[in-house]
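# Residue-level structural notes
If you want the building blocks of each chain, they are given just below.
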Number of protein chains: 2
Amino acid sequence: MSDLAAPGDHNGPESGLAYLRVADDIAARIASGELAPGTRLRAERELAEYYEVSYGTIRRAAEILRERGLIQTIHGRGTFVS
Amino acid sequence: MSDLAAPGDHNGPESGLAYLRVADDIAARIASGELAPGTRLRAERELAEYYEVSYGTIRRAAEILRERGLIQTIHGRGTFVS
DNA sequence: CCCGATTTGTGCGTATGTATC
DNA sequence: AGATACATACGCACAAATCGG
């Protein structure tokens, strides 16, 4: 599965910083086309469960992706791939 | 602009305690009218980045400003100039 | 027009580990 | 040894925006 709209299992070699690990993973999925532009990501709190990190960590990762222009977040609606 | 709702750059002569430096800076901005009453400050975690200090230091600075009656913090809403 | 569900936004309190003074 | 500060991270509570019924 590979997409962030359908949970499965997660993986990661526990490399360093949690928020970077998450940000890089999502960025890779966008780059690979797995997450197409316009696609809505799962809710931040769901991503937290998916990645097994806290909500705050997801918010950090999202902030990074926002700065990179990879995603766009709308209050009350969700987060979308740019 | 120089407001805490739109980042720019910052600089400081590393004078003494970090939380006092931050508190004094914000107090000065309020005193100068740069931050008008009712204005909402940026999120504490953003202020941490802005001032290049840790989140805990921002919380400490905010506590001081609250005691001085310069700001008012509302859970879930934000911090406002009194 | 209001109500409730969903989702993002913000603040609160705390913990761990590291570095510096 | 102790105090100050930083960086990261967790979990929770409350608030606000959006959408559908």
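Use the structure listed above.
Below or above, wherever it landed, is the structure these notes cover. (Residues numbered from 1 in each chain as written. Chains lettered and ligands numbered in written order. Predicted model: local features only at pLDDT ≥ 70, side-chain atom pairs only at ≥ 80, totals over all residues. Heavy atoms only, no water.)

Here the focus is the environment of B:Arg40. All names here are of chain B. Tracing the backbone shows arginine 40 in the loop between helix H1 (18–31) and helix H2 (44–51). By relative accessible area, arginine 40 is classed as partly exposed at 44%. Taking the C-alpha atoms as reference points, arginine 40 and valine 22, 18 residues apart in sequence, are found 17 Å from one another. In contact with arginine 40, other than residues within four places in its own chain, are Arg77, Gly78, Thr79 and Phe80. (Helix = DSSP H or I, 4+ residues; strand = E, 2+ residues; numbered from the N terminus. Buried < 20%, exposed > 50% of the residue type's maximum accessible area, 1.4 Å probe, protein only. Contact = heavy atoms within 4.5 Å.)

Time to look at empty space enclosed by the protein. All chains considered together, the criterion is met by two cavities of 30 Å³ or more. Estimates place the volume of the largest cavity at around 80 Å³. Lining the largest cavity are B:Val22, B:Ile26, B:Leu41, B:Arg42, B:Glu44, B:Leu47, B:Ile58, B:Ala61, B:Ala62, B:Leu65, B:Ile71 and B:Thr79. Contributing elements (two or more residues each) for the lining of the largest cavity: H1, H2 and helix H3 (55–67) of chain B. With four residues, H3(B) is the single largest residue contributor to the lining of the largest cavity. Computed from the structure, the second largest cavity encloses a volume of approximately 70 Å³. Contributing to the lining of the second largest cavity are A:Val22, A:Ile26, A:Leu41, A:Glu44, A:Leu47, A:Ile58, A:Ala61, A:Ala62, A:Leu65, A:Ile71 and A:Thr79. Contributions of two or more residues to the lining of the second largest cavity are made by helix H1 (18–31), helix H2 (44–51) and helix H3 (55–67) of chain A. Classifying every residue of the lining of the second largest cavity by side-chain character gives nine nonpolar, one polar and one charged. (1 Å grid on protein atoms, 1.4 Å probe; cavity = no way out; pocket = protein on both sides within 12 Å on 5 of 7 lines; lining within 4 Å. Points joined across faces, edges and corners; volume = space filled by probe spheres on them. Nonpolar A, V, L, I, M, F, W, Y, C, P; charged D, E, K, R; others polar.)

The next point concerns H2(A). All names here are of chain A. For H2, the complete set of buried residues consists of Glu44, Leu47, Ala48, Tyr50 and Tyr51. Buried residues along H2 cover an arc of 165 degrees about the axis, so they all sit on one side. For H2, the exposed residues lying more than 90 degrees away from the buried face are Arg45 and Glu49. Tucked inside the fold, the buried residues of H2 contact H1, H3 and strand E2 (78–81). Positive phi shows up at glutamate 52, right after H2, with a value of about 60 degrees. (Arc of directions from axis to C-beta.)

Moving on to the protein's contact with DNA strand D. What surrounds DNA strand D is a group of 22 residues, the closest being A:Ala18, A:Tyr19, A:Thr57, B:Thr57 and B:Arg77. Close to the protein, within 4 Å, the atoms of DNA strand D belong to sugar or phosphate groups at a rate of 80%. Note that a phosphate oxygen of DNA strand D is positioned 2.4 Å from one of the backbone N or O atoms of A:Ala18. Those elements that place two or more of their residues in the surface near DNA strand D are H1 and H3 of chain A together with H1 and H3 of chain B. Partitioning the surface near DNA strand D into residue classes produces eight nonpolar, eight polar and six charged. (Near = heavy atom within 4 Å. Polar contact = N/O pair within 3.5 Å; in protein donor to acceptor, adjacent residues only side chain to side chain.)

Geometric values such as these leave the question of function open.
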